[in-house]
Amino acid sequence: MADLDDIRDGKEYGIGVSQKTEGYFLKGSGNLDWGMKDRLSRIFNPTTGKTVMLAFDHGFLMGPTSGVERIDLSIVPLIEHADCLMCTRGVLRSLIPTTSRKPVCLRADAGTTILTEMNDNVVLDPVDAVRLNASAIAVMVAIGDPNMEAKTVANLYNAVDDGLEFGLPVMGVTAVGKDMARDARYFGMAARVCAENGANIVKTYYTEGFEKVVACCPVPIVIAGGKKLPELEALELAYNAIQSGASGVDMGRNVFQSESPAAMIRAVSAVVHQGMTAKDAFQLFNDEKGPSTVRVI
Ligand code: 5RP
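Please read these numbers as outputs of a predicted model, since none were measured by experiment. One numbering rule holds for all chains: residues counted from 1, following each sequence as written. With pLDDT at 70 or above as the cut-off, local features in this predicted model cover only qualifying residues; side-chain atom pairs require 80 or more to be listed or tallied, and sums for whole chains, interfaces and linings still use all residues.

K.L.:
Quick question: what am I supposed to make of the site of the ligand here?
P.N.:
Throughout this description, a residue near a molecule or strand is one whose C-beta atom, derived from the backbone, lies within 6 Å of it. By nearness alone, 13 residues border the ligand, and Ala55, Ala224, Gly225, Gly252 and Arg253 come closest of all. Lys, Arg, Asp and Glu make up the charged group, whereas Ala, Val, Leu, Ile, Met, Phe, Trp, Tyr, Cys and Pro make up the nonpolar group; the residues left over, Gly among them, are polar. A per-class count over the shell around the ligand returns six nonpolar, four polar and three charged.

K.L.:
I keep staring at the sheet that holds strand E9 (residues 221-224) and nothing clicks. Help me out?
P.N.:
Whether parallel or antiparallel, the strands of a sheet pair through hydrogen bonds between backbone atoms. Any two strands with at least two DSSP-identified bridges between them are counted as paired. Secondary structure counts use DSSP, requiring at least four H or I residues in a row for a helix and at least two E residues in a row for a strand, with both numbered from the N terminus. With parallel pairing, the eight strands of this closed barrel are ordered in space as E1-E2-E3-E6-E7-E8-E9-E10. On average, each strand axis in the sheet is inclined to that of its neighbour by 25°, with strand direction left out of account. Pairing of strand E6 (residues 136-141) with strand E7 (residues 170-174) involves five bridges; the strand directions are parallel. Looking across to E7, one finds that Ile137 is bridged to Val170. Of the strands in this sheet, strand E1 (51-55) and strand E10 (248-251) are in contact with helix H11 (residues 261-274), which crosses E1 at around 150°. Orientation is described by lines fitted to C-alpha atoms, with helices fitted over the stretch in contact, and by angles between N-to-C directions that extend from 0 to 180 degrees. By definition, residue pairs are in contact when their C-beta atoms, positioned from the backbone, come within 7 Å.

K.L.:
Explain the pairing of E6 here, please?
P.N.:
One face of the sheet, then the other: side chains in a regular strand alternate in exactly this way. Our exposure labels follow a C-beta count within 10 Å of each residue's own C-beta, placed from the backbone: buried means 20 or more other C-beta atoms, exposed means 12 or fewer, and partly exposed covers the counts in between. The buried fraction of E6 amounts to six of the six residues, a majority that puts the element mostly inside the structure. Taking the sense of rotation as the criterion, the β-α-β connection linking E6, helix H6 (residues 149-166) and E7 turns out right-handed. Every crossover in which the path from the first strand over the helix to the second runs clockwise, viewed with the strands pointing away from the viewer, is termed right-handed.

K.L.:
When you look at H6 in this model, what are you seeing that I'm missing?
P.N.:
With 18 residues, H6 ought to run about 26 Å at 1.5 Å a step, and its terminal C-alpha atoms sit 26 Å apart, in line with that. Listed in full, the buried residues belonging to H6 are Thr152, Asn155, Leu156, Ala159, Val160, Asp162 and Gly163. Summarising the axial view, the buried residues of H6 lie within an arc of 165°, below the 170-degree limit, and thus occupy one face. The outward face of H6, more than 90 degrees from its buried face, is lined by the exposed residues Ala150, Asp161 and Glu165. On its buried face, H6 is in contact with strand E4 (109-110), strand E5 (122-123), helix H5 (126-131), E6, E7 and helix H7 (184-196). Positive backbone phi, at 75°, marks Gly167, one or two positions downstream of H6. For a helix, the expected span equals 1.5 Å multiplied by the residue count minus one. Arc definition: directions from the helix axis to the C-beta atoms.

Here it is as structure tokens:
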């Protein structure tokens, strides 16, 4: 029991000074509960409002694709440069150091691979996401896919129900349907459907007219990098997305398949957080990557 013999009356009441009521920096997130906002503030830097998420969940669909064969060797050294890690629970438990102190956006749906019908997924138990101290969960949504649209939208809204129960933000990840045009109309619709179903973050692809995709999506958007591009083009993609209003990137292959992944993620980060131009960021990449090594066979 606390000491009772020196209980002092309070006197600093700040009478006449209004209590500070902080607004919230992230689009569409002002009405969320404290735990949700706290987790979102770990993913998005409250100073810049942006994030560089490092995606290396590709193995759950593709197996050991180039760059993620040995996550201990290729990804772990990049962790310090990322704002958030996006991966599966298997990789998180087996390979990611528990001392990393980085927020995790947990890939929370599974069920198919590139060998079968894509996106025929179910959502994992949110209790495991809580156990893993995830800061968000990510669920794929296949808008326009006649076989998988209803199932994946249901996955999303069920994940949102779970997320609300546990204070876990949900990221809706828009899959690109085989027969869908990759344009602002499609991505604008897919992003909006995710947000309407309660996603707190939307991950989609950059396209021309992206400012319209961002404008009509009431929650923050991050872009996927997509297939590997030459570094300057990947930096231009990130720059254009940020200038169009994206709140960050969730990049994988354009980082870990780069000739210098650490230099690349640092260059991407400069584009995202400092608004550096792609040209300047490419210079930064070249300065940081050091001389190229020629393999003599
Ligand atoms: C797949 C994903 C990937 O994490 C995403 O595509 C990001 O990786 P990349 O930049 O390599 O496209 O969400 O469902």
